[in-house]
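# Summary of the model geometry
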Amino acid sequence: MTRHAVVALTVAAAVGGLTAPTALANSAPTAPAASVPAAVPTDPVITGVTVNGGKDVVVGTTQRKTFTVTLHGSDDSGLEFADADLLGPAGSFYTTDTFCETATACTTSFTVDPHLDPYNDNADLSNANAGRWYVHSLVDTFDGATLFTKHPGGFLLKRAAALTVNAAPEPVVKGGTITVTGKLTRANWDTYRYAGYTGRSVALQFRPKAGDTYTTVKTLTTNGTGNLRTTVKAASDGYWRWSFAGTTTTAPKNATGDFVDVR
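Given the structure is predicted, the values throughout are model-derived calculations rather than measurements.

Before going further, it helps to examine the state of the cysteines. In the structure shown here, the tally under the stated rule is 1 disulfide. Here cysteine 100 pairs with cysteine 106 through a disulfide, and the sulfurs are 2.1 Å apart. Looking along the S-S bond of the cysteine 100-cysteine 106 disulfide, the torsion reads about 80°, which is the right-handed sense. A residue is classified by how much of its surface remains accessible, and cysteine 100, at 6% relative accessible area, is buried.

This is the structure in structure tokens:
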């Protein structure tokens, strides 16, 4: 895979204060009480990792995806510099480094690409790279200490999904039959196209015209080409949609609701 780095640098410091003394009439003055700062570890520690703001990294077939990785930690002298490595399925690997923006946080950026990228060592994603990724970190402190931490955090890199719906006829007589069809597809990083996602559980949901919440009516499984088809009885005006909850390799997706006028 590739190496890619984006560096950001800011400085922040925390300043402690003193508690103001109080004086009582006809009494001796008392010395001001100093505030007690929170204990800071004398040796560096990494306490966690935030990837993409805590959200899954989802990639389609045409656009690069850039996301941030923030290492959180502490040291009595402060964190100065960090190296972050991303390790994924099928031996996938990315690495980059950055100066820390504060004494307790170091943020860098990674870019992944579904297509061959001449500016990215001609590396691209393959379907085998989807799934759980882990972060390794190496941090340097201002007093010269170095700490390597294995797997302080991770994230899911997912293939984008697409979902269509069509409810017909429109309008329909109350008590009549509505046929709802659709198709679930997902990004194929090997062919750069979307292809049917087969054998997946997808919920058929309904929202009344005057409501704002979808309710699951039934659940179906996509066929060998990712298609869905079922029938329901027309009871009232409203919107029909398919809803896919997602998997560890594929992002969730809701189809845009299709309105049916019941007369």
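Regular strands have side chains that alternate between both faces of the sheet. The pairing of strand β9 (residues 161-168) with strand β10 (residues 177-188) spans 8 bridges and is antiparallel. What sits directly across from alanine 161, in β10, is arginine 186. With 7 bridges joining them, β10 and strand β14 (residues 227-233) adopt antiparallel strand pairing. Bridge pairing in β14 links isoleucine 178 to valine 232.

With that settled, consider unusual backbone geometry. Of note, the bond from alanine 168 into proline 169 is cis; its omega dihedral lies within 30 degrees of zero at 5°. On the secondary structure map, proline 169 appears in the loop between β9 and β10. A cis amide bond, omega 0°, links glutamate 170 with the succeeding residue proline 171. In this fold, proline 171 is placed in the loop between β9 and β10. In this structure, histidine 151 is a non-glycine residue whose phi angle is positive, near 55°. Checked against the element boundaries, histidine 151 lands in strand β8 (residues 146-159). A residue is classified by how much of its surface remains accessible, and histidine 151, at 38% relative accessible area, is partly exposed. Of note, tyrosine 192 is a non-glycine position whose phi angle comes to about 65°, a positive value.

Cut-offs and rules
- Residues numbered from 1 in each chain as written.
- Predicted model: local features only at pLDDT ≥ 70, side-chain atom pairs only at ≥ 80, totals over all residues.
- Heavy atoms only, no water.
- Disulfide = S-S within 2.5 Å.
- Buried < 20%, exposed > 50% of the residue type's maximum accessible area, 1.4 Å probe, protein only.
- Pairing = 2+ DSSP bridges.
- Helix = DSSP H or I, 4+ residues; strand = E, 2+ residues; numbered from the N terminus.

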